Amino acid sequence: MANTETIRTIVGIIGNVISFFLFLSPVPTFIKIWKLKTVMQFRPDPYVATVLNCAVWIFYGMPFVHPDSLLVITINGIGLVIELIYVSIFFIYSEWPKRRRIIIALIIEVIFVAIVVFVTLTFLHDTKSRSMLVGILAIIFNILMYTSPLTVMHRVISTKSVKYMPFFLSLANFANGCIWFAYAFLKFDIYILVPNGLGALSGAIQLILYATYYRSTNWDDDGKSSEIELPGNTTP
């Protein structure tokens, strides 16, 4: 019979696969940007924010911060590369005002991560205290990232339409939250447990809304609203 550590590793690998596909979910958007040579009404904010999120989780997974978290490092390392590619494409096809905001945001993120690394390694001398500091920061960033799905859910309720809330992305968000929640529960990692519990709850609410308003959605109405981005929760 498999022990807890083996089960946790298997669950973590499944989580890596699901998170990988979540990281790839914006690819159609960027293919569209690349073909039209313009970013249109799309915003770089979710991708710039995810760069910081991935960087913090990579640091959290380091052996000298939180031991036995290799699978946290692998998926967020892959995610960091993917998100930087997205941001680069945004930068190439944006006007100067958007480029300036991207540059400023990335500089602030680099400075912030450098400060976190310095403070953690200089003033905290055991993995428990280091895990607590970096883990709390990671939870805060993840909670802030949930504001985007909340905006979409508000629109679904107000319009009684799920046209702009992709079903499979909502399902993937739910599955991703559940699998990483299970991963954290097996070794009770509170810093991974909390954000992914919230992620699973957010995904479940999206699925309930989809089932509730599917029949009232007018799929033939193109409307005049710009497309809504619903970035996936790729924690950890």
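Definitions and cut-offs
Residues numbered from 1 in each chain as written. Predicted model: local features only at pLDDT ≥ 70, side-chain atom pairs only at ≥ 80, totals over all residues. Heavy atoms only, no water. Helix = DSSP H or I, 4+ residues; strand = E, 2+ residues; numbered from the N terminus. Buried < 20%, exposed > 50% of the residue type's maximum accessible area, 1.4 Å probe, protein only. Contact = heavy atoms within 4.5 Å. Areas by Shrake-Rupley, 256 points an atom, 1.4 Å probe, with all protein chains shown as cover. Arc of directions from axis to C-beta. Salt bridge = Lys/Arg side-chain N within 4 Å of Asp/Glu carboxyl O. Axes fitted to C-alpha atoms, helices over the stretch in contact; angles between N-to-C directions. Parallel < 35°, antiparallel > 145°, perpendicular 65-115°, else oblique. Left-handed = near helix turned anticlockwise from the far one by under 90°. UniProt positions renumbered as here; feature names shortened; annotations may be inferred.

> Mind showing me how you'd approach the overall build of the protein here?
If you tally the helices and strands in the protein, you get 9 helices and 0 strands. When the elements of the protein are put in sequence order from the N terminus, they spell out α-α-α-α-α-α-α-α-α. When burial is assessed residue by residue, the protein has 43% of its 236 residues classed as buried. Considering only intrachain contacts with a sequence separation of at least 6, the fraction spanning at least 24 residues in the protein is 81%. When the accessible surface of the protein is split by element, carbon and sulfur atoms take 73% of a total near 12500 Å².

> Any chance you could explain helix 2 (residues 27-36) here in plain terms?
An α-helical turn contains 3.6 residues, so any two residues separated by three or four positions project in the same direction. Listed in full, the buried residues belonging to helix 2 are Thr 29, Phe 30 and Ile 33. All buried residues of helix 2 fall inside an arc of 90° around its axis, so they share one side. In helix 2, the exposed residues that point more than 90 degrees away from the buried face are Pro 28, Trp 34 and Lys 35. Packed against the buried residues of helix 2 are helix 3 (45-60) and helix 4 (70-92). One or two positions beyond helix 2, positive phi appears at Lys 37, with a value near 60°.

> Before we go on, may I ask you to explain the pattern of salt bridges in this structure?
Side chains that differ in sign of charge can pair as their charged atoms come close. This model, assessed by the stated rule, comprises 2 salt bridges. Close ionic contact of Glu 5 with Arg 8 constitutes a salt bridge, the shortest N to O distance being 3.7 Å. Residue Glu 5 and its partner Arg 8 are both found in helix 1 (residues 4-24); the two are separated by 3 residues, about one turn of the helix. Residue Glu 5 is classed as partly exposed on the basis of its relative accessible area, which comes to 38%.

> Is there a simple way to think about the packing of helix 3 against helix 4 in this case?
For any two helices packed against each other, one specifies the inter-axial angle together with the distance between the axes. Viewed as axis vectors pointing N to C, helix 3 and helix 4 meet at an angle of 155°, and their least axial separation amounts to 8 Å. Put simply, helix 3 runs roughly antiparallel to helix 4. As for how helix 3 packs across helix 4, the hand of that crossing is left-handed. Residues Tyr 47, Val 48, Thr 50, Val 51, Cys 54, Trp 57 and Ile 58 of helix 3 touch helix 4, and the partners they reach there are Val 72, Ile 73, Asn 76, Gly 77, Gly 79, Leu 80, Glu 83, Leu 84, Tyr 86, Val 87 and Phe 90.

> Help me out: how do you make sense of the UniProt feature "transmembrane region" (unreviewed entry) in the protein in this one?
UniProt feature "transmembrane region" (unreviewed entry): in the numbering of this structure it lies at residues 6-25, 46-65, 71-93, 102-125, 131-152, 164-186 and 192-214. Helix makes up 95% of residues 6-25 and strand 0%, and the two end C-alpha atoms of the span are 29 Å apart. Summarising residues 46-65: 75% helix, 0% strand, and an end-to-end C-alpha distance of 26 Å.

> What exactly am I supposed to notice about the environment of Ile 13 here?
Structurally, the position occupied by Ile 13 is in helix 1. Residue classification places Ile 13 among the partly exposed residues on the basis of a relative accessible area of 44%. For the pair formed by Ile 13 and Tyr 183, sequence separation is 170 residues and the distance between their alpha carbons is 9.6 Å.

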